[in-house]
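Geometric and topological summary
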Amino acid sequence: MMASSYNAKEEDGHNSGASNNGGAGVVKSKKPDNTAFKQQRLPAWQPILTAGTVLPAFFVIGLIFIPIGIGLFVSSNNIKEFEIDYTGVDVNNPCYNCAKNFSWNSTTPCLCSVPFTLEQPFESNVFMYYGLSNFYQNHRRYVKSRDDSQLNGDQSALKNPSKECEPYRTSEGQPIAPCGAIANSLFNDTLELYYIDSNGTKNTIPLVKKGIAWWTDKHVKFRNPGGNNNLTVAFQGTSKPVNWRKPVYELDPSDPENNGFINEDFIVWMRTAALPTFRKLYRIIQKKSSTTPTLPSGKYLLDITYNYPVLSFDGRKRMILSTISWMGGKNPFLGIAYITVGSICFFLGVN
Amino acid sequence: MYSLECPSRLNSIKERLRKKRTVVPSFTEDEELSQLLKLYKGNKIRTTKYSLLSFLPKNLFEQLHRLANVYFIFLAALNFVPVVEAFQPQIALAPIILVLSMTAAKDIWEDYRRFKSDHSINSLLCHVYSSKQKAYIDQRWKDVRVGDFVRLSCNEIIPADMLLLYSSDPRGVCYIETANLDGETNLKQRQVVSDLPLQGVEFSLESFHCRVECENPNNDLGRFRGYVEHPGGLRVGLHNNNLLLRSCTVRNTETVVGMVVYAGHETKAMMNNSGPRYKRSQLEKHLNTDILWCVLLLIIMCLTAAIGHGVWLNNLKDPLFQVDTETSPALAGFYVFWTMIIVLQVLIPISLYVSIEIVKLGQIYFIHNDLALYNKQLDSRIQCRALNITEDLGQIQYLFSDKTGTLTENKMVFRRCSIYGVEYPHEENARRLEVYEAEKSEEAGRSVTLKSGCSGKSLSCRSLSCQRSSVSLHTLAAETDEEEEEEEEELSNPIHPRTNAFCSRVAKEVVPDPELVRKLNWFCCPELALSDGSSGTPSSLELTYITDFFLALAICNSVVVSSPSQPRHVVPEARTPLKSLEDFKLMFQRLSFSPFTALSTLSPPQMKGSPVSFTRRLFARGKAGSFTPTNSTTDGSDPGQESNLEPPDPRRKLDLSSRAEGGDAGRTEHRDTEAEDAKTNPDGARQDAEGDPIREVDRESDTNEELLYEAESPDEAALVHAAQAYRCTLRGRSAEGLLVDLPGIGSLAVQLLHILPFDSNRKKMSVVVRHPLTGHVVVYTKGADSVIMDLAETPKGAEQAQEIYSHIREQTQIHLDGYAREGLRTLCIAKKVVGEEEYEAWLKGQLLAESSIENREELLLESAQRLETNLTLLGTTGIVDRLQEEVPETIEALQRAGIKVWILTGDKKETAINIAYACRLLCPNDQLLTASCGSKDACAVLLEELKVEVQRGEASLTEPTAAGNHGESSSGGMAGFVLVIDGRTLEWALQEELKSHFLELSQGCKAVICCRSTPLQKSQVVRLVRDQLGVMTLAVGDGANDVSMIQVADVGIGISGQEGMQAVMSSDFAISRFKHLSKLLLVHGHLCYSRLANMILYFIYKNVMYVNLLFWYQFFCGFSGGVMTNAWVLILFNLLFTSVPPLIYGVLDQHMPADTLMELPELYQAVQTSKVYVPYVFWITVLDAFYQSLVCFFVPYFALAGSSVDVLSFGSPINASALLIILLHQVIESHTLTWIHALVLVLSGASYFGFVLLFGVFCVTCSPPTNPVGVETLEMSQPLFYILCALTTVTALLPRLLFRALCNTLRPAAALTSAQTDKVDSERYRKKMQRWNLSHSKANRLPVCADNPGLEPGTDTVVS
């Protein structure tokens, strides 16, 4: 009750009387401080945006943007890119049969070869991607169907994966490692590239499979359970994902360091794509010498071990060869956009 | 049997309780009664809302009452449903937990403070009588129960509402200070219950067996009804005067004993304790519609997603990436709907409500700290009592103002008077007021009453030289002496300076009119005056009139007297041994008339005892120690008397005559001037009478006796001071008597029989006294002229007397009208001599009325009205109430700002109109429409007529200009119609059938003045305008009569002035001067409104913009509710990273400098018509947000489509550029940028980038589905990221930038030109108005005479 009456009293200025009691005491006035802040007179910059101030700014923006746009456009144009669809929708496609007769259960892999020709030589390092279309890796339920703890090598999560992995959490009573829908749908086509030289001989192009994953993913985010011990032992008591043909510790028979959760193909796949049409880095073709192009123009042959079904949901599979620049892959949009916006600004500024 | 009986007995008790409460002493033996006492609430108070246990459930429950919180919880709960879950549950809980816990923390803190104060109050100690120990024992407040006897000493706080049974004061009174209750610092007198056996030295509580019956607890502070039933069955009425209220302080009384009747929460103080005011602002209502639009938008977006997802799912066949294959597309769509609601939740700006509250607090802070709203004199700032309607200040369209105390100072100063039909113009007095005016402007110091001597002296020289006035010299000389006294007093007694403001110097020192003084002197010293003979000898009748008049001024009031040496104590009464009263009686008789019976045909006085014995009796009751031994002059007779009897001193004569020539030397006698001089300012004599020991003594004695009057109303104080100037000094007051100094007679004790206090229905107050000289019972009445003039009837009796009397009435009426025209407040003074039988008869009825419980007010009113008849008019007074400083300027500014100003006052029409002229509400060119009629039909006709007239006038005026927009053309400081309506007509006009006419009429008028209106009418008018016209109203007032109006209006403003705190207590804002309104409305209101409106728009923009980014992404993830950001970032984006900038924007933004706003009040109209916050602006903002989000999403999309970008890397540039866009958008929208803005913006940006970077480094397995490890570090190491951000930001902001630039380039010019055209328009309008006025010269316009210092001399352009 006193609360309100007290306020009233205080505001009424009774303390002035109290201060009089002290006699010599300094009378504390209720006068507000005359500070710039309290009187709302802080020195302020008033951005009065008038045509006079804004248009020169536009002009400057235009001047900056147009060169950037030109730079982007040029560097994007310098990037060589080659793309080939091997889904096998068309009857003429070599992979038509494989696509048609696909079943997860077949033990014998279906093989098909797609020949293609590069019109221009690829000079620098060439990145080999596989591309998928109409594949919604960003589907909400799909994205979360994984267990990061398990992938980070956590023992308890290995044995008892997160509920998010349902329905790919356990199989036949055993926890799935790696669990979840993402891992389960791992892209498992094998691509091999051959250069057909003028004699008609198939030259295998060496494909580097290391260094395709992010450094942080490979060294921080993904870890095998049990450290450097034998992976077979480490993954004992777990079951392979339903769609997989081999367990996670046998993903790369050629390189024991590239097995288990730290298999780079696996890591790349686990980084879910943002958009339904995407590409993922598959291999790197390194430049051997400065004199010869990495991929000279000519005829090539792409050998595919066709394991991955996409036709059922109208998906497409592609193989992409591309060089990159400082700004990433081939993309004319940015350059054009910069030039457009820059010129709009420029013209506004000039007027 | 017993068990059966008990409840029934209890029930019967409860039955009784329902009607009234019975209180008996707590030691009563009666079983039933003591049980009854236990049913009453104890004195323990608990104002806390929660206890330790109940806090969580209760607080949660309370918080859930807010819709916003329910929405939050609903979302959080939704997130726990697995099929729709969008984020992990803990993330979804974050916002609600944050909001709830912040509110809870605030509540705990507040409650703890309440608990602490409760506890300290509850454990205060007081002395309670214990029947076991037969003594007073210390008990804590909380243990006090109803029926207990409590003893209190001086300066103790009263623990509960108690009936005053005993006071150490011999007269049985006790003083309390109610500052804790209502903020009024003057003392209130309380009276021991009459006819109690206790009042005496040897009183014992044990013997007290009375029963108190009183009404049930209620919150009416001014009412208490009941009676005490003595064991013998005798009933004594109780009233408010017998009740000591909780939390008041006992003052000036050594000991009081009371019986507790209401305790704890049932006390009046507690029942009056209502929580803070909550008003919903107009903008908030607006906002709610926009929020509804947001909800609609949200639902549309969610439905789109739901349908899209269903369709998308339907077209899919056995996809690899599908996790859940069983759910049908329709059901999945349904699930997605809810998921989307979670994902897009920020579209409903829940945090907006919290933000608005914070912003308003910030705005309040600045309003509170504004130097321009600080009053030096009172050392008071503006009080902001309602925290949530700051922006309504920027929306006001109608302003209703009280007059007295609001427009005027409410410092009443006696100006002139008329007695016996003779006008005394008090020229010197008028001059003095002007001098004061000049002084005041020069000294900008503190309270005028406490002045430093040196400045006063320098001024005195100035005023002396130019005015040749002895008076100013005297006043200032007096002041130097006074100063010490008052300082001393201040040290000894902490009185708020405001208390003294009642008796400010200017009010105290009335310069008497020489003519009147002469007449009065003649009466005092008849032999001298008679011998003069040169000037007209006033008739004896006139002399009685004059004496009676001043006696009435001195005693017909409720003024409490105190002296500085003994602050607030009742001035000891027996000071001077009286001159033999018999002498005076003789003198009266010698004057050969029976002055007090001259006009009555009543039977000769029947005195119940000689006056001397009476006075002795009266004074015997005074304290024995009240003689002040230090005062050496007490043995002297009245100083004035002394000086009059003194033989003339030639030296002085010379002096005075030369001095007096400034005024009216020609007809003034030396003696008179001297007498006047000595009387009014004995101090002044010091200069020229140094050698005169008697004078010296006089001076001392008089300064020592410097009396302080504490009056309930400033009018009373002014009148008492006026009387004092004529040496009719009120020296002391007790419950039964008054001590009055009369000129030439000395101190007289006047037996006070009754006070019939002022009430607004009767419009008058009366005192019933036994005249000290004649012994008659005399009623002195003071009141509004209309009432008194009606009651003042021609007395039956001699024809000559009748003739004289009707002449007096006529003359007085003429003077009254003159006063009113001058803008003076008039009060009529009347008296009535009551015969003993008549008095006895009346007394019976009065006592009956006093002791009745039910309809006591009515009975008292009736009784008072019975007595106040057949009055004899003595005279009338004119009191000046000057305009406050800068009122005309303020009103002009407000009118220019498009605010219609109405004055609602209880004053007379003439006074009201005059004030309206003075404060420039009325211009000389304005057409005055007066509505005053006696019946409803007449009123209807009149309104109709006036309407036609206004329309005609308007038609002729607006023909050439755009027709139809008369509302605008008549506003804004140019000529127009002003409606004056009186209370009676208003009553008709407010009725159902006529109110639309009234409104229509008033809309055509520039201003409306309602005079003679009651408080209820004031609130009715405000309500009518508010509801029927749907406009924002503001009411400003200072007194209790304005409370209802203040409460009804959208914004209520109280002026903390002279009349207590009721207006302030019920207001939203309390200011100390009227002029503060212009800064408050034009600057703060304008700024607050535009700030808040812009902030809200910005907030909505921000949310729409960000949420749309997520929405666009749905088109690329199969409408599955996926997001491209980490969930924490998503939640915190709104809650943290972008939450502070809008607050700063809302608190600090100044879209126009304050000076400009003050100089160009027209700018206020832009806000007033809601140009800042109208639907189309809202939609433009939303569209802009859509555009920006499109850019912000699709630029990265096109740049990254088909590449190997992953979800989070895709979201990273989008988020970053969204942040930049949002922050830079604010920079564009801000009108001012200070270092605070810059700091906050930079910190906001930095906090985002810091957070995502650290999160990306350290969060390895946390936040599972969207694990951000390494994303940001990688992204920010790539040039593409910056290229994207730059392009996105620039492209998104381009249109807004362009728009603003174009607006700013075009708008200022537009504003300027419009202001100019306004001026041209107004000129043209004024000319037309003048022409029209000439053609309608018959229209009624009041002649105006400018005598009020505040009045403009040029306003008296009379047409008729």
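Before any of the text, the structure's been laid out above.
On a predicted model such as this, the values are computed, not experimentally measured, just so you know.

Things to note about the overall build of chain A
In terms of helices and strands, chain A carries 12 helices and 10 strands. The buried share of chain A, reckoned over its 351 residues, is 52%. In chain A, of all internal contacts separated by at least 6 residues, the share reaching a separation of at least 24 is 79%. If you sum the accessible surface of chain A, you get close to 16,000 Å²; carbon and sulfur atoms cover 55% of it.

Quick word on the state of the cysteines
According to the stated counting rule, one finds three disulfides over all chains in the structure shown. Across the disulfide from A:Cys98 sits A:Cys110; the S-S distance is 1.7 Å. In this structure, the disulfide formed by A:Cys98 and A:Cys110 twists by about -85 degrees around the S-S bond and is classed as left-handed. A residue pair is termed long-range when its members are at least 10 positions apart, and A:Cys98 in helix 4 (residues 96–100) and A:Cys110 in strand 2 (residues 110–118) qualify at 12 residues. Here A:Cys98 falls in the buried class, since its relative accessible area comes to 4%. Exposure remark for A:Cys110: the relative accessible area of 26% places this residue in the partly exposed category. B:Cys248 takes part in no disulfide bond, and the closest cysteine sulfur, belonging to B:Cys174, lies 9.9 Å away. Free of any disulfide, B:Cys1192 has its nearest cysteine sulfur in B:Cys1285, 8.4 Å distant. On the basis of relative accessible area, B:Cys1192 is assigned to the buried category, the value being 0%.

Regarding the packing of helix 45 (residues 1175–1200) of chain B against helix 46 (residues 1207–1229) of chain B
Residue and element names in this part refer to chain B. It is the contact of helix 45 with helix 46, at a shortest axis distance of 10 Å, that shows an interaxial angle of 150 degrees. With respect to helix 46, the axis of helix 45 lies roughly antiparallel. You can see that helix 45 and helix 46 cross each other, and the crossing is right-handed. Contact with helix 45, carried on its side by Asp 1184, Gln 1188, Cys 1192, Phe 1193, Pro 1196, Tyr 1197 and Leu 1200, involves Phe 1210, Ile 1214, Ser 1217, Ala 1218, Ile 1221 and His 1225 of helix 46 and no other residues of that element. A per-class count over the contact of helix 45 with helix 46 returns nine nonpolar, three polar and one charged.

Section: the environment of B:Tyr917
All names here are of chain B. Here Tyr 917 is to be found in helix 32 (residues 909–918). The exposure class assigned to Tyr 917 is buried, which follows from its relative accessible area of 2%. Distance in space between the C-alpha atoms of Tyr 917 and Pro 888 is 9.0 Å, their sequence separation being 29 residues.

Reading the values: the criteria
- Residues numbered from 1 in each chain as written.
- Chains lettered and ligands numbered in written order.
- Predicted model: local features only at pLDDT ≥ 70, side-chain atom pairs only at ≥ 80, totals over all residues.
- Heavy atoms only, no water.
- Helix = DSSP H or I, 4+ residues; strand = E, 2+ residues; numbered from the N terminus.
- Buried < 20%, exposed > 50% of the residue type's maximum accessible area, 1.4 Å probe, protein only.
- Contact = heavy atoms within 4.5 Å.
- Areas by Shrake-Rupley, 256 points an atom, 1.4 Å probe, with all protein chains shown as cover.
- Disulfide = S-S within 2.5 Å.
- Axes fitted to C-alpha atoms, helices over the stretch in contact; angles between N-to-C directions.
- Parallel < 35°, antiparallel > 145°, perpendicular 65-115°, else oblique.
- Left-handed = near helix turned anticlockwise from the far one by under 90°.
- Nonpolar A, V, L, I, M, F, W, Y, C, P; charged D, E, K, R; others polar.

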